[in-house]
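Structure assessment
Residues per chain, in single letters:
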Amino acid sequence: MSYKIFDVVELHNGKKGTIVNINKGEIAVDIVDESGISHGFANVKQKDVKRIIITNN
């Protein structure tokens, strides 16, 4: 799957976030809760992404 910066994704652990950086297969995601409150950044692998919720065309 092809990811772009600012895509909103759902991870396999149930968390959601916005992609802020992509670097050699590792994706930096700003994790947010249901209220839109940020819980910090996490580096995840492509295999950790379940689906794209909103994509930036």
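In case you missed it, the structure is sitting above this.
The structure reproduced in this document is the subject of the present report. Because the structure is predicted, anything quoted here is derived from the model rather than measured.

**Some words on the sheet that holds strand E3 (residues 26-32)**
- Read across the open sheet, the 5 strands follow the order E4-E3-E2-E1-E5; overall the sheet is antiparallel. Either end of the sheet is taken by a strand with one partner, and the two such strands are strand E4 (38-45) and strand E5 (49-54). Between one strand axis and the next, the sheet turns by 40 degrees as a mean value, whatever way the strands run.
- Pairing geometry for E3 and E4, over 6 bridges, is antiparallel. In the sheet register, Ala28 faces E4, and the bridge partner there is Asn43.

**A few points about unusual backbone geometry**
- Look at Phe6: it is not a glycine, yet its phi comes out positive at around 80 degrees.
- One can find Phe6 in the segment before strand E1 (8-11).
- Phi is positive for Lys24, close to 50 degrees, though the residue is something other than glycine.
- Tracing the backbone through its elements, the reader meets Lys24 in the loop between strand E2 (16-23) and E3.

Quick notes on the rules
Each chain has its residues counted from 1, running along the sequence as written. Given that this is a predicted model, residues contribute local features only at a pLDDT of at least 70 and side-chain atom pairs are listed and counted only at 80 or more, while totals for whole chains, interfaces and linings are drawn from all residues. Side-chain calculation: all heavy atoms of the structure are included, whereas hydrogens and water are not. Any two strands with at least two DSSP bridges between them are considered paired. Helix numbering and strand numbering both begin at the N terminus, where a helix is a DSSP run of H or I of at least 4 residues and a strand a DSSP run of E of at least 2. To obtain each axis, a line is fitted to C-alpha atoms, and for helices this fit is confined to the stretch in contact; angles are then taken between N-to-C directions over 0 to 180 degrees.

None of the figures reported here should be taken as evidence of function without further support.
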